[in-house]
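Structural features, examined
Residues per chain are reported as follows:
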Amino acid sequence: MRTTPRSPSPRRYLMCPPAHFTVTYSINPWMDPTKPVDLPFALAQWEDLRDRYRALGHTVEVLEPDPALPDMVFAANGATVVGGRVLGARFAYPERAAEADAHLDWFRRNGWAEEDLGIPQHVNEGEGDFAVTASWILAGRGFRASPLSHGEAQEFFGRPVIGLDLVDPRYYHLDTALCVLDDAGDEVMYYPGAFSPGSRAVLARLFPDALVATEEDAAAFGLNAVSDGRNVLLPQAAVGLFEPLRDRGFEPVGLDLSELLKGGGSVKCCTQELRP
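Now for a look at the structure at hand. (Residues numbered from 1 in each chain as written. Predicted model: local features only at pLDDT ≥ 70, side-chain atom pairs only at ≥ 80, totals over all residues. Heavy atoms only, no water.)

1. Examining the sheet that holds strand E4 (residues 85-88)
Taken in spatial order, the 3 strands line up as E3-E4-E5 in an open sheet, and their pairing is mixed. Single-partner strands in this sheet number two, and they are strand E3 (79-82) and strand E5 (117-118). Across 4 bridges, the pairing between E3 and E4 is antiparallel. Bridged to Val 82 within E4 is Arg 85. Against the sheet, helix H3 (residues 148-157) contacts E3, E4 and E5, and its axis sits at roughly 160° relative to E4. (Pairing = 2+ DSSP bridges. Helix = DSSP H or I, 4+ residues; strand = E, 2+ residues; numbered from the N terminus. Contact = heavy atoms within 4.5 Å. Axes fitted to C-alpha atoms, helices over the stretch in contact; angles between N-to-C directions.)

Here you go:
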């Protein structure tokens, strides 16, 4: 196991405050409209995450929330940015469809050229199902993203895309079942039970030294995490991941995003990375 400390790299993130967050419909197994949302508590939890990023030296850009779009807080789903190019989202459910334009409009207002913006023809929900490593773009499918979106992403970014089949509806997006720990070194952690047998074999071949999470830590949304190469921000309830992360030279940073979990999201779902 690695014993030397790792060096974090500065990141730039896009987040959207949960000013209008509520659960009035159910499009994943975590959403229950009968359970009320404590909005001030949700906002305080989101602000804690934002402030932790900034305290670690990262830049956080803010997307203005829309009162008609209660899931906008889950900013990871709005686009995928690699090498300064932006592949927009196309949502599977009509309840979230308008978020795609809201994200692309933000990029236009903030200096991205039109030729660097991709409008997808096939369903993808941004970094919900696209995870970027040094060598590949890992792409989930089975519940939201269309398999056709994988070829679209490969053509747009010019990077090899590895398709992975998700089979457990609790882990409906790739970012609920897998986290990139070190994008410079192709290092990940994941929960095998979320994937088909063939996809588990692919992950084992690509990442033989991956941190493999238990069912308990996956159910606590411990894989819905964000790493800057050293600090790993993750739900504090995923206690079984803390020591294995430290053994690998990472510094786990536990957070409480329990109110946002009512919408089926946690740290990563709230965080879109703006890769230069």
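Now, onward.
2. A short note on the pairing of strand E14 (residues 251-255)
In terms of strand pairing, strand E13 (residues 231-235) meets E14 through 5 bridges, oriented parallel. Bridge assignment links Asn 231 to a residue of E14, and that residue is Glu 251. Read as a crossover between parallel neighbours, the route from E13 over helix H6 (residues 242-247) to E14 is right-handed. (Right-handed = clockwise from strand over helix to strand, strands pointing away.)

3. A few points about the side chain of Asp 71
With respect to the helices, strands and loops of the structure, Asp 71 is situated in the loop between strand E2 (59-62) and E3. Buried charge without a partner: Asp 71 forms no salt bridge, and the closest opposite charge is Arg 96, 4.1 Å away. (Buried < 20%, exposed > 50% of the residue type's maximum accessible area, 1.4 Å probe, protein only. Lys, Arg positive; Asp, Glu negative; His and termini not counted. Salt bridge = Lys/Arg side-chain N within 4 Å of Asp/Glu carboxyl O.)

4. Let's talk about the side chain of Ser 196
On the secondary structure map, Ser 196 appears in the loop between strand E10 (187-190) and helix H4 (197-206). Judged by its relative accessible area of 14%, Ser 196 is buried. In this structure Ser 196 touches Asp 165 and Val 167, once residues within four positions along its chain are discounted.

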